Amino acid sequence: MTKRRMSFGERIVELLKMENVEVIFSQGDLSMKDIQKHAELQGLNVVGPRHEACGVFMAMGYYAMTGRPQVAFGAMGPGQSNLLPAAITAAREEIPVILFGSRRQKAVRDSVRRGRWLFYDHMPLFREVCKYAASIEHPAHLDDVVREAFRQAMSGTPGPVYMEYDFTMQVEEWDFDPPLPPAQYRVLPRGADERDVSALVDAINGASLPVLVGGEGIHRTRSHDLFRELAERLKCPVVNSFGGAATLPETHDQWLLSMSAAGQEALSKADLLIAVGTPLPEMANYGRVGHFTSGNPDRKVAVIDPDPSGVGMNLPVDHAVIGHVPLVLEQVLERLDERAQPVPELAEWRASWLSEREEVVATIPQTNKVHPSRMMVEARKGTPDDAVVVLDGGNTILYQMACFEKRSHDFLYTANFSHLGSGLGLAIGTQLGVGRDRPVCLLSGDGALGFHFMEFETAVRHNLPIVVILNDDQLFGAEMAQHMEHIGHDIQVSLGPVNYAAMAEAIGGFGAYVTRAEDIAGAVRDAFNSGKPALVQVKTDPAAAHAFPQPYVEHLVSWLIADPMATFPQEE
Ligand SMILES: Cc1ncc(C[n+]2csc(CCOP(=O)(O)OP(=O)(O)O)c2C)c(N)n1
Ligand SMILES: [Mg+2]
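Residue positions are given per chain, counted from 1 along the sequence in the order it is written. Numbering of ligands from 1 and lettering of chains from A proceed in the order in which they are written. pLDDT decides what is reported in this predicted model: residues at 70 or higher carry local features, side-chain atom pairs at 80 or more are listed and counted, and totals for whole chains, interfaces and linings draw on all residues regardless. Computation of side-chain values covers all heavy atoms of the structure but excludes hydrogens and water.

A. Here's a closer look at the overall build of the chain. Secondary structure assignment for the chain yields 22 helices and 19 strands. For a compact globule of 572 residues, the expected C-alpha radius of gyration is about 25 Å, and the chain comes in at 24 Å, within 12% of that figure. Overall size of the chain, expressed as C-alpha extent along the three principal axes, is 70 × 60 × 45 Å. Here the chain, with 572 residues, has 58% of them falling under the buried criterion. For every accessible area listed, the method is Shrake-Rupley and the probe measures 1.4 Å; residues are considered covered only by the protein chains on display. Per element, the accessible surface of the chain, about 22,600 Å² overall, is 51% carbon and sulfur. Counted as positive: Lys and Arg. Counted as negative: Asp and Glu, with His and the chain ends omitted from the count. In this description, the location of a charge corresponds to atom NZ of lysine, CZ of arginine, CG of aspartate or CD of glutamate. Put simply, the chain has 50 plus and 73 minus side-chain charges, and the middle of one group is 6 Å from the middle of the other. Per the convention used, a helix needs a DSSP run of H or I reaching at least four residues, while a strand needs a run of E reaching at least two, with both numbered from the N terminus. Each radius of gyration reported is based on C-alpha atoms, and the globular scaling rule is 2.2 Å times the count of residues to the power 0.38. The classification of residues rests on relative accessible area computed with a 1.4 Å probe and restricted to protein chains. Under 20% of the type maximum is buried, over 50% is exposed, and intermediate values are partly exposed.

Next comes the structure, spelled out in structure tokens:
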């Protein structure tokens, strides 16, 4: 085999290209200059975040839209440190991201001279947080480490991996063998055991009331069309986990909000629950209490997921069909006949859900300011149906869940970890993933947006026309009711008046400042039509956060207070 002499930096780029990496998220820095040089030469897109954590969020957004992991860098010392919070989020969200830290010479670590400029020993921290963390000690060591990183990031429960190198190593040259294709060093996604598939198909054929639960694994593997086909063949009710929102668009006549009366009835009456891409974790109190305890005692549970380690963790599972979600769905569809008649209760449950949503909208509290639920109803009118929806915030999440109908299956939120401040980064990564021509909106709380607002400049610099629709209640709203109840006033929950729209314009984007409900839809439309990164700031009523209950909040709180040690209902 002919070896080729090249720098460490050039080789990293070559290895990343073998894995179809398209973007590296890194600020220009001397400690990665050779990697950036070769990334540019080899046609990768180099996107520079203002904060390294946001670079990781961007990589997560890109992955969520494409199923291809991307790369984020942190420069030596504090830049490496800044990767950490988002690495934790990527681990919680089970999203593979490939992280690199450039490091000062390792000898600094053992120096007794108290020279610590731009140095901290990060390895123990990244080992704790990531699926794999390694220090690359020599160019000859590089290929092995990068391959192990991809192998780990993409197998079992996917997640973040971290590699670091002495910054001086970038330009070191070495004779490298031709790079290996991924199929030679990691198991590519595969389907399930055929026996498990046919047992599941038999169970489905024998079920009179199957219910599908869509999980975020459908989003992560881009299996929406197959999931929809399965739903349509089964003609059964479809609900979703929190992070699996929109896996079947809410306009579909089989979809029910899991927290609605109809959704809960469907879950409790089902004789076969088929969870796709979720180990039934967060919804319905881990499947252990609430409506899972009532209803059909003979309910069977099937799980389609790549990760065997989640099976039976919450509900006992009758059918574990383990494999890459789209491949398993294809296997199931190959064998499964179309159900002759829809599940008899479906039409009634769908009608019940639709009237529940109408009722929620009709009873939005009337105040002299815009209620955040009203903002969601109006914002929906101005948002194109095919827009990707990204979320960030506290109560904002509940207002959107109740009042912003998701019509496209592309949806992203850190549903497991709820990391405030992730939204702008996720939206930017999402827009890069779907391309400039597809609309992307970020529905955000003002508290959430404040964490990393300067990423708006990143969107301007890279010409990414994301539209931020801001619920500006001048509060960390989700904290307000508890403070009012417990203290009688709030302590550091209220935020100052900020003209975010003017800031968006000052940075070079489009800004609109809206105080009246009737102006929201038009402003949102203008924002999408501007073709620029845009922000529509809606001044909403701060009293909404404590004077009235938030829609479905009791379900959300019930997850928090659910007894994690509760026994399985079947064992009681
Ligand atoms: C990084 C981070 N810090 C703190 C929290 C706790 N927290 C959850 S919701 C919330 C308030 C969110 O305020 P905002 O984004 O304005 O949304 P609102 O509740 O007002 O709709 C806070 C502080 C969190 N989830 N993440
Ligand atoms: Mg707020």
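B. Quick peek at the site of ligand 1. Nearness here has a simple test: a residue counts as near a molecule or strand if at least one of its heavy atoms is within 4 Å of that partner. Around ligand 1 sit 19 residues, and of these Asn395, Thr396, Asp446, Gly447 and Gly477 come closest. Polar contact is defined as a pair of N or O atoms within 3.5 Å, subject to the rule that within protein one atom must be able to donate a hydrogen and the other to accept it, and that residues adjacent in sequence are counted only when both atoms are side-chain atoms. Measuring from an oxygen atom of ligand 1, one finds a side-chain N or O atom of Thr396 at 2.6 Å. With respect to ligand 1, the backbone of Ala478 contributes an N or O atom lying 2.8 Å from an oxygen atom. Surface burial for ligand 1 is 77%, taken as the share of its 580 Å² of free accessible area covered by protein chains. Contributions of two or more residues to the shell around ligand 1 are made by helix H14 (395–403) and helix H16 (446–451). Among the elements that take part in the shell around ligand 1, H16 stands out by supplying 4 residues, more than any other. When residues are grouped by polarity, Ala, Val, Leu, Ile, Met, Phe, Trp, Tyr, Cys and Pro land in nonpolar, Asp, Glu, Lys and Arg in charged, and all others, Gly among them, in polar. Within the shell around ligand 1, the residues separate by chemical class into 6 nonpolar, 10 polar and 3 charged.

C. Structural context of the sheet that holds strand S17 (residues 467–472). Two strands pair under a simple rule: DSSP has to find at least two bridges between them. With parallel pairing, 6 strands are arranged side by side in an open sheet as S15-S14-S16-S17-S19-S18. Each of the sheet's edge strands pairs with one partner strand only, and the pair in question is strand S15 (411–412) and strand S18 (510–514). Of the strand pairs in this sheet, S17 and strand S19 (residues 534–539) are connected by 6 bridges, and their pairing is parallel. Considered in S19, the bridge of Val467 is made with Ala534.

D. View of the packing of aromatic side chains. Aromatic pairs are defined between Phe, Tyr and Trp rings, using the six-membered ring for Trp, whenever the two ring centres lie within 6.5 Å; interplanar angles under 30 degrees are classed as stacked, those over 60 as edge-to-face, and all others as tilted. A complete count under the given rule lists 7 aromatic pairs for this structure. Between Phe8 and Tyr165, the ring centres sit 5.5 Å apart and the planes meet at 55°, which makes this aromatic pair tilted. Separated by 157 residues along the polypeptide, Phe8 in helix H1 (residues 8–18) and Tyr165 in strand S7 (residues 161–166) bring together distant segments of the chain. In this structure, Phe8 and Tyr165 share a single accessibility class: buried. Look at Phe242 and Tyr413: their rings are 5.9 Å apart centre to centre, the planes differ by 80°, and that puts the pair in the edge-to-face class. Taken together, the residues Phe242 in the loop between strand S10 (238–240) and helix H10 (261–269) and Tyr413 in the loop between S15 and helix H15 (423–434) connect sequence positions 171 residues apart.

E. Broad picture of the nonpolar core. Nine residue types can take part in a nonpolar core, namely buried Ala, Val, Leu, Ile, Met, Phe, Trp, Tyr and Cys, and a core is a set of them joined through side-chain atoms within 4.5 Å. Of all hydrophobic cores here, the largest spans 88 residues; its most connected members are Leu212, Ile274, Val276 and Val332. Counting residues per element, this core draws most heavily on H14, which supplies 6 residues. The residues touching Val332, leaving out its near neighbours within four places in the chain, are Val197, Leu200, Val201, Ile204 and Leu230. Membership of the second largest hydrophobic core comes to 51 residues, among which are Ile95, Cys130, Leu449 and Phe456. Working rule for contacts: check all heavy atoms of both residues, and any pair within 4.5 Å makes them a contact.

F. Representation of the confidence of the model for the chain. The pLDDT averaged across the chain works out to 93; a share of 94% of its residues lies at or above 70. Confidence over residues 568–572 falls short of pLDDT 50; this stretch has 12 contacts with residues more than four positions distant or in other chains. On a range of 0 to 100, pLDDT expresses the predictor's confidence in each residue.

G. Quick look at the environment of Tyr185. Tracing the backbone through its elements, the reader meets Tyr185 in the loop between strand S8 (173–176) and helix H7 (194–206). Since its relative accessible area comes to 10%, Tyr185 is described here as buried. For the pair Tyr185 and Arg151, spaced 34 residues apart in sequence, the C-alpha separation works out to 7.4 Å. Residue contacts for Tyr185: discarding those within four places in its chain leaves Glu19, Arg147, Arg151 and Leu180.

H. Fine view of the sheet that holds S10. Taken in spatial order, the 5 strands line up as S10-S9-S11-S12-S13 in an open sheet, and their pairing is parallel. If you trace the sheet from one side to the other, it starts and ends with S10 and strand S13 (319–322), each paired once. Strand-to-strand twist of the sheet, defined as the mean angle between neighbouring strand axes without regard to direction, takes the value 20°. With 5 bridges joining them, strand S11 (residues 272–276) and strand S12 (residues 300–305) adopt parallel strand pairing. Bridge pairing in S12 links Leu273 to Val301. Of the strands in this sheet, S11, S12 and S13 are in contact with H7, which crosses S13 at around 135°. Between the N-to-C directions of two axes lies an angle of 0 to 180 degrees, each axis being a line fitted to C-alpha atoms and, for a helix, fitted only over the stretch in contact. The strands touched by helix H11 (residues 325–335) within the sheet are S11, S12 and S13, with S12 carrying the most contacts at an inclination of about 125°.

I. Broad picture of unusual backbone geometry. Unlike most non-glycine residues, Arg222 shows phi in positive territory, near 55°. Mapped onto the secondary structure, Arg222 falls in the loop between helix H8 (216–220) and helix H9 (224–234). Judged by its relative accessible area of 29%, Arg222 falls in the partly exposed class. Phi at Asn463 is positive, roughly 60°, even though this residue is not glycine.

J. Quick look at the pairing of S13. Alternating positions in S13 separate cleanly, His319 and Val321 being buried on one face and Ala320 and Ile322 remaining unburied on the opposite face. For S12 and S13, the ladder comprises 4 bridges, and the chain directions are parallel. For Ile304, the partnering residue across the bridge sits in S13 and is Val321.

K. Fine view of the pattern of salt bridges. A side-chain nitrogen of Lys or Arg and a carboxyl oxygen of Asp or Glu constitute a salt bridge if their distance falls within 4 Å. For the coordinates displayed, the defined rule picks out 34 salt bridges. Between Glu405 and Arg407 there is a salt bridge, with the nearest N and O atoms lying 3.0 Å from each other. Taken together, the shared-partner salt bridges connect Arg4, Glu10, Arg11, Glu14, Asp143, Asp144 and Arg147 into one network.

L. Region of the structure containing the packing of H9 against H11. Where H9 contacts H11, the axes come no closer than 9 Å and their chain directions differ by 30°. Comparing their axes, H11 and H9 come out roughly parallel. Relative to H11, the crossing made by H9 is left-handed. Residues Leu226, Phe227, Glu229, Leu230 and Arg233 of H9 touch H11, and the partners they reach there are Pro326, Leu329, Glu330, Val332 and Leu333. Its residues assigned to classes, the contact of H9 with H11 comprises 7 nonpolar, no polar and 3 charged. Geometric relationships in this document are graded by angle, where less than 35 degrees denotes roughly parallel, more than 145 denotes roughly antiparallel, 65 to 115 denotes roughly perpendicular, and other angles denote oblique. Throughout, a crossing is termed right-handed when the near helix is turned clockwise from the far one, and left-handed when it is turned anticlockwise from it by less than a right angle.

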